[in-house]
Amino acid sequence: MTPVAGRGGAAPRSVDVARLAGVSQKTVSRVMNDEPYVSEDVRRRVLAAAGELGYRSNNAARALASGRTRSIGVVTLGTALYGPASLLMGVERAVRDTGYALRVVNTMEGEAAGIAGAVDSLLDQGVDGIVISEPIDEEGGAELPARVDVPVLVLGAPPPFAASHVLTGGIVSGQMARAATEHLLDLGHTTVHHLAGPQRWYSARDRLDGWRAALAAHGRAEPPVVEGDWSAASGYAAGRELLADPAVTAVFAANDDMAIGLIRALTEAGRGVPEDVSVVGFDDTPVAAYVTPPLTTVRQPFDAMAQDGLKLLVHAIENPGSDPLPMIDPPVELVVRASSAAPR
């Protein structure tokens with residue numbers, strides 16, 4: 001449908017929508033701002049009139065009036081790795097559900113002052129709050145711009161900086177790693193080896209700590225750690241290394257890709273999974289259920305982490321000075337498949 005121009009051929013205004021819908025301008029404003037106390041019939045008429053006229057609310061004017069842009073900025077690592085990419089998708093869905101606009105700035109691994117530059121860029125755009133989903137330690141630490149005067153939510157990592165209003169959420173990797181390790185111990189394995197992720201990543205360190213905590217709680221020996229880089233190729237290389245020790249019967253890998261590479265190395269060498277070596281991964285990637293054997297893993301609750309974190313952030317934006325909402329840790333979900341079993 002071709003939009004109907006407003007008076008004199010100009011862009012349609014709220015008064016034009018009000019006239020066509022037979023309501024007041026105030027009612028049009030309430031509908032366009034999604035405010036309560038508007039009947040469904042009136043809301044439908046206003047939206048139909050706005051669609052017929054091609055009218056869009058003036059967000060810039062509304063921002064000037066309210067002091068807010070109704071936008072949230074996200075700082076995230078520019079990577080196709082499953083974990084960070086899935087968390088970003090969860091944040092995008094959660095932000096959309098809040099009615100805020102989303103602005104994303106990517107950082108690159110190893111980029112000096114990447115977080116600080118990304119935050120500065122978002123502040124220049126006038127965002128009302130910022131989500132930092134940046135899983136890597138920066139060289140020399142992160143220094144945020146001094147003028148961070150909006151709430152900041154850090155997902156999946158401890159705050160690497162000081163700001164006036166910092167919230168944290170989604171730090172559950174350690175608990176999940178502990179559950180994965182305890183699953184193998186409960187099956188009867190004497191100890192569990194660990195294929196760790198790169199230790200610049202907060203999540204890799206959390207998973208290492210969770211593995212260690214589980215072994216310590218059960219009084220088990222802590223084998224040497226093998227470190228990978230999240231890729232299946234590094235898991236394959238780690239498998240070749242672990243094959244040198246015939247006493248290895250159980251391995252917890254810090255992500256599913258490394259676990260899949262590890263299984264390939266074991267099976268090529270004639271070590272059956274799980275007959276000779278049980279393997280547990282982390283993430284529950286879409287392919288984990290379809291490899292041979294199907295992979296036992298811990299499912300990351302990306303959507304729940306994002307939704308719960310955004311509730312904290314939006315509450316802080318819309319209720320300045322109030323106490324923060326409590327962060328609810330999602331339950332740990334171990335998905336048991338065929339790659340783990342009791343030792344022979």
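Residues numbered from 1 in each chain as written. Predicted model: local features only at pLDDT ≥ 70, side-chain atom pairs only at ≥ 80, totals over all residues. Heavy atoms only, no water.

Student: So, the packing of aromatic side chains: which residues are in play, and what are the values?
Tutor: By the definition in use, this model includes 3 aromatic pairs. Centre to centre, the rings of Tyr 82 and Phe 302 are 5.7 Å apart; their planes meet at 75 degrees, and the pair counts as edge-to-face. Highlighted residues: Tyr 82 in helix H5 (residues 82–98) and Phe 302 in helix H11 (residues 302–318), separated in sequence by 220 residues. Taking relative accessible area as the criterion, Tyr 82 reaches 28% and is therefore assigned partly exposed. Using a relative accessible area of 8% as the deciding quantity, one classes Phe 302 as buried. Seen in terms of ring centroids, Trp 201 and Trp 230 are 5.6 Å apart; in terms of plane orientation they differ by 80 degrees. Their pairing is edge-to-face. Of this pair, Trp 201 sits in the loop between strand E6 (193–196) and helix H8 (202–217) while Trp 230 is found in the loop between strand E7 (226–227) and helix H9 (232–242), placing the two residues 29 residues apart along the sequence. In this structure Trp 201 comes out as buried when scored by relative accessible area, which is 4%. The class for Trp 230 is buried, based on a relative accessible area of 5%. (Phe/Tyr/Trp six-rings, centres within 6.5 Å; stacked < 30°, edge-to-face > 60°. Helix = DSSP H or I, 4+ residues; strand = E, 2+ residues; numbered from the N terminus. Buried < 20%, exposed > 50% of the residue type's maximum accessible area, 1.4 Å probe, protein only.)

Student: Go over the pattern of salt bridges, please, and point to the residues and values.
Tutor: Enumeration according to the criterion identifies 13 salt bridges in this entry. Between Arg 299 and Glu 333 there is a salt bridge, with its nearest N and O atoms 2.6 Å apart. In this pair, Arg 299 is assigned in strand E10 (residues 297–299) and Glu 333 in strand E11 (residues 333–335), connecting sequence segments 34 residues apart. What you see here is one network of salt bridges that share partners, running through Asp 284, Arg 299, Glu 333 and Arg 337. (Salt bridge = Lys/Arg side-chain N within 4 Å of Asp/Glu carboxyl O.)

Student: Outline the nonpolar core, supporting the account with residue identities and numerical values.
Tutor: Ranked by size, the top nonpolar core spans 36 residues in total, and within it Ile 72, Val 131, Val 192, Phe 252, Leu 310 and Leu 313 carry the most contacts. Within the residue set of this core, elements represented by two or more residues are strand E1 (71–77), H5, strand E4 (152–155), helix H7 (173–186), H8, strand E8 (250–253) and H11. Here the element with the most residues in this core is H11; it accounts for 9 residues. The residues touching Val 131, leaving out its near neighbours within four places in the chain, are Ile 72, Gly 73, Val 74, Val 75, Leu 153, Leu 155, Leu 310 and Leu 313. Formed by 24 residues, the second largest nonpolar core is a distinct cluster that contains Ala 204, Val 251, Val 273 and Ala 288. (Core = buried A, V, L, I, M, F, W, Y, C linked by side-chain atoms within 4.5 Å. Contact = heavy atoms within 4.5 Å.)

Student: Please provide a residue-by-residue account of the sheet that holds E7, values included.
Tutor: Strand order in the open sheet formed by 4 strands is E7-E6-E8-E9, with parallel pairing between adjacent strands. The open sheet terminates on both sides in strands that have one partner only, identified here as E7 and strand E9 (278–280). As paired elements, E8 and E9 share 3 bridges and run parallel to each other. Residue pairing for E9: Val 251 is matched across the bridge by Val 279. On the sheet, H8 packs against E6 and E8 and is oriented at approximately 175 degrees with respect to E6. Sheet strands touched by helix H10 (residues 256–268): E6, E8 and E9. Its angle to E9, the strand with the most contacts, is close to 165 degrees. (Pairing = 2+ DSSP bridges. Axes fitted to C-alpha atoms, helices over the stretch in contact; angles between N-to-C directions.)

Student: Could you give an account of the sheet that holds E4, with specific residues and numbers?
Tutor: One open sheet accounts for 5 strands, arranged E2-E1-E3-E4-E5; its pairing is parallel. Each end of this open sheet is capped by a strand with a single partner; those strands are strand E2 (101–107) and strand E5 (166–169). Across the sheet, the mean angle from the axis of one strand to that of its neighbour is 20 degrees, orientation sign disregarded. Where E1 meets strand E3 (residues 129–133), 5 bridges bridge the pair, whose relative direction is parallel. Bridging across to E3, Ile 72 finds its partner in Gly 129. Those strands touched by H5 are E1, E2, E3 and E4, and its axis lies near 175 degrees from that of E1. Against the sheet, helix H6 (residues 114–124) makes contact with E1, E2 and E3, and its axis sits at roughly 155 degrees relative to E2, the strand it touches most.

Student: Explain the packing of H5 against H11 residue by residue, including any values.
Tutor: Look at H5 against H11: their axes get within 8 Å of each other, and the N-to-C directions meet at 45 degrees. Taken together, H5 and H11 sit at an angle that is classed as oblique. Crossing handedness for the pair H5 and H11: right-handed. Residues Tyr 82, Gly 83, Ser 86, Leu 87, Gly 90, Val 91, Arg 93, Ala 94, Val 95 and Thr 98 of H5 pack against Phe 302, Asp 303, Met 305, Ala 306, Gln 307, Leu 310 and Val 314 of H11. (Parallel < 35°, antiparallel > 145°, perpendicular 65-115°, else oblique. Left-handed = near helix turned anticlockwise from the far one by under 90°.)

Student: Go over the pairing of E6 with me, naming the residues and quoting the values.
Tutor: Here E6 shows a buried face lined by His 193 and Leu 195 and a second buried face lined by His 194 and Ala 196. As judged from the 3 bridges shared by E6 and E8, these two strands associate in the parallel manner. When the bridges of E8 are listed, His 194 appears paired with Phe 252. Sheet topology note: the E6/E7 ladder contains 2 bridges and is parallel. Within the sheet, the bridge partner assigned to Ala 196 lies in E7 and is Glu 227.

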